[in-house]
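# Fold and contact review
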Amino acid sequence: MGWLRLQAVAAVLALVAGAGCCRGFEFHEATVDAIHLGFSNGSLTSAALVQFYLDQISRLNPLLRAVIEVNPDALRQAARADAERRSGHGHWTTGALHGVPVLLKDNIATRDALNTTAGSLALLGSVVRRDAGVVARLRRAGAVVLGKASLSEWANFRVVDNGWSARGGQVRNPYVLSADPCGSSAGSGVAAAADMAAVTLGTETDGSILCPSSWNSVVGIKPTLGLTSRAGVVPITPRQDTVGPMCRTVSDAVHVLDAIVGYDALDAAATRAASRYIPHGGYAQFLKKDGLKGKRIGVPNGFFAGYGETQLRVYKQHLTTLRKHGAVVMKNLDVATNLTALLVDLGSDEWFAMQAEFKLSINAYLKDDLLHSPVRSLADIIAFNNAHPVEERMKDFGQANLIAAENTNGIGSVEKAAIRRLKELSANGLEKLMKEKRLDAIVVPNNDASGLLAVGGHPGIVVPAGYDEQGMPFGLCFGGMQGYEPRLIEMAYAFEQATRARRPPMFKP
Ligand SMILES: *[C@@H]1O[C@H](CO)[C@@H](O)[C@H](O)[C@H]1NC(C)=O
Ligand SMILES: *[C@@H]1O[C@H](CO)[C@@H](O)[C@H](O)[C@H]1NC(C)=O
Ligand SMILES: *[C@@H]1O[C@H](CO)[C@@H](O)[C@H](O)[C@H]1NC(C)=O
């Protein structure tokens, strides 16, 4: 993997860049705001910061396997950011992510030394045509691309153990090593939790940011559909795919969100539609300590059952905290007359539509987004897996979903009917409830509302909420309607500041 050579280059560059640097700066769990203070008062350089995360990765990755690849160019990018800041050239050096190392989920394309493989050996050796839309924005903001985070292979469409991929191996949860880290953005969540990157990006189709954020005690933002470009992201379905931040604090996540939102000609329809939601002056203005004041928050029935005593007690305290900070908390609301039936119907229609959409979009990605590739179609991937049964653990996981997708034949009348039903279920469920009760948000545990949010393209923010008897983290999710990011950020930030529930990982067995 060139790991040793990389470490040698890193050590030399760090000696050059880091000489005499960084007395007094607290690297451990540094926030984006602290990093900027460090840059401006001379106690920190971007090169020293990158070196800190490279050291964290070489120390922790053999255990956690959160990172698939580190960027051999990261220290050079950091040195360039340091030089830009020293010379004071360019207004961009004041941007929140300038010189800040970002780790990207391995389904987000980078046109550089890093591979983009969605964790699969089938895509190793493919060359992407260009950076993903969000990566282009990060580079313009002066961020440093630190590397690629591991994930559940094929972003979970090939249903494998959470956090396992042929390239990355099994990602582990840094709180409870034997516990499921959740997927598919497992590596991004774990790397953020264990301080292996300043900030990370994940992607979500249904739960893939919200779940690993909850279970690894980090903040995850699943944005409104189209707020962030999906161009250059290995797809599942354009109807639900989103890219969003996974970070240790709400403030860090919001700085990342500010850097990656906006129109992209290569994902034109969705990003144009959502760009009307982007507030003038960005999202950081909504980091308000009193952000809960006057907010109407619904607690839907049926979601808080089925959790252990500790979690239910903590969640109950949190609802009291929301009230104490000025929110109107409305309990016992029904999302639908029969929630179980709604979720079952959503799930089956969603899955049905997704199979046909996945085939169309993955074939388009393999054909159009790659300059070279050993595989150019879903059929090629299926053949690749059959030819590499040991490496791809075919006995354990198979590829039934890939085959079911391959057997679809475009969006016909049956698929159209399923998509129409999804719209109706969303309109008659979450959207109706939120309108009728004039809600600013619903709150639910973890990713339990991810399906409701996914099918309507609605946003959600999950914030660390506590730990169970075994030390396993759980989160509280604020979900809203399309474009509700400003008020969700207000509530999430005020909740985080009021509870300060997150603790660094404990590495229990
Ligand atoms: C500079 O800011 C950092 C950032 O938080 C702080 O830890 C450090 O003590 C400050 N150093 C000086 C010399 O002011
Ligand atoms: C990308 O994959 C190739 C193998 O195809 C490997 O040699 C190379 O080291 C990988 N790049 C990085 C940055 O790890
Ligand atoms: C709700 O729907 C589920 C699944 O269809 C069904 O098993 C259950 O009996 C229904 N509950 C009520 C109260 O109608």
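A brief report on the enclosed structure follows. In this text, all values refer to a predicted model and were calculated from it rather than measured experimentally.

Conventions adopted
Residues numbered from 1 in each chain as written. Chains lettered and ligands numbered in written order. Predicted model: local features only at pLDDT ≥ 70, side-chain atom pairs only at ≥ 80, totals over all residues. Heavy atoms only, no water. Disulfide = S-S within 2.5 Å. Helix = DSSP H or I, 4+ residues; strand = E, 2+ residues; numbered from the N terminus. Buried < 20%, exposed > 50% of the residue type's maximum accessible area, 1.4 Å probe, protein only. Phe/Tyr/Trp six-rings, centres within 6.5 Å; stacked < 30°, edge-to-face > 60°. Lys NZ or Arg CZ within 6 Å of the ring centre and 35° of its normal. Near = heavy atom within 4 Å. Polar contact = N/O pair within 3.5 Å; in protein donor to acceptor, adjacent residues only side chain to side chain. Areas by Shrake-Rupley, 256 points an atom, 1.4 Å probe, with all protein chains shown as cover. Nonpolar A, V, L, I, M, F, W, Y, C, P; charged D, E, K, R; others polar. Core = buried A, V, L, I, M, F, W, Y, C linked by side-chain atoms within 4.5 Å. Contact = heavy atoms within 4.5 Å. Pairing = 2+ DSSP bridges. Axes fitted to C-alpha atoms, helices over the stretch in contact; angles between N-to-C directions.

All chains considered together, the criterion is met by one disulfide. Each sulfur of the disulfide joining Cys-182 and Cys-211 lies 2.0 Å from the other. The disulfide joining Cys-182 to Cys-211 has a torsion of about 105° about its S-S bond and is therefore right-handed. Of this pair, Cys-182 sits in the loop between strand 6 (169–170) and helix 6 (186–193) while Cys-211 sits in helix 7 (residues 210–215), and the two are 29 residues apart along the sequence. For the pair Cys-182 and Cys-211, a shared accessibility class is recorded, and that class is buried. For Cys-247, which is in no disulfide, the shortest distance to another cysteine sulfur is to Cys-477 and amounts to 16 Å. The structure places no disulfide on Cys-477, whose sulfur is separated from the nearest cysteine sulfur, that of Cys-211, by 11 Å.

Throughout the structure, instances matching the rule amount to eleven aromatic pairs. Centre to centre, the rings of Trp-164 and Phe-397 are 5.2 Å apart; their planes meet at 45°, and the pair counts as tilted. Of this pair, Trp-164 sits in strand 5 (residues 164–165) while Phe-397 sits in helix 13 (residues 394–397), and the two are 233 residues apart along the sequence. Assessed through its relative accessible area of 7%, Trp-164 is described here as buried. A residue is classified by how much of its surface remains accessible, and Phe-397, at 16% relative accessible area, is buried. Measuring from centroid to centroid gives 5.1 Å for Tyr-315 and Phe-474, while their planes differ by 55°, and the two rings are tilted. One end of the pair, Tyr-315, is in helix 10 (residues 309–324); the other, Phe-474, is in strand 15 (residues 473–479), and 159 residues separate them in sequence. Residues Tyr-315 and Phe-474 agree in their burial class; the two are buried. The ring of Trp-164 is capped by Arg-393, whose NZ or CZ atom sits 5.0 Å from the centre of that ring.

Before going further, it helps to examine the site of ligand 1. Around ligand 1, the structure places Gly-24, Phe-25, Ala-34, Leu-37, Gly-38, Asn-41 and Ser-43. The contact in question runs from an oxygen atom of ligand 1 to an N or O atom on the side chain of Asn-41, over 2.4 Å. Surface burial for ligand 1 is 51%, taken as the share of its 360 Å² of free accessible area covered by protein chains. A breakdown of the residues in the shell around ligand 1 according to their chemical character gives three nonpolar, four polar and no charged.

Once that is clear, we can look at the nonpolar core. Within the largest apolar cluster, 142 residues are counted, with the highest numbers of intra-cluster contacts made by Ile-35, Ile-108, Leu-138, Met-196, Leu-201, Leu-322 and Phe-478. At ten residues, the largest contribution of residues to this core is made by helix 3 (residues 46–64). With residues up to four places along the chain from it excluded, the contact list for Ile-108 reads Thr-116, Ala-132, Val-134, Val-135, Lys-148, Leu-201, Thr-203, Gly-232, Val-233 and Val-243. Within the second largest apolar cluster, eight residues are counted, among which are Tyr-175, Ala-193, Val-218 and Tyr-467.

The next thing to look at is helix 8 (residues 250–260). The buried count for helix 8 comes to ten of eleven residues, which makes it a mostly enclosed element. Where helix 8 is concerned, the buried positions are Val-250, Ser-251, Asp-252, Ala-253, Val-254, His-255, Val-256, Leu-257, Ala-259 and Ile-260. Looking one or two places after helix 8, you find Gly-262, whose phi comes out positive at around 135°.

Time to look at the environment of Val-250. With respect to the element layout, Val-250 can be found in helix 8. Residues in contact with Val-250, not counting those within four places in the same chain, are Val-219, Leu-287, Val-463, Ala-492, Tyr-493 and Glu-496.

Pairing within the open sheet is mixed, and its eleven strands lie in the order 1-4-2-7-9-8-14-15-13-10-11. Because the sheet does not close on itself, it has two edges, and the strands there are strand 1 (67–70) and strand 11 (328–333). Strand after strand, the sheet turns through a mean of 25° between neighbouring axes, direction not considered. As defined by bridge partners, strand 13 (residues 441–445) adjoins strand 15 across four bridges and the pair is classed as antiparallel.

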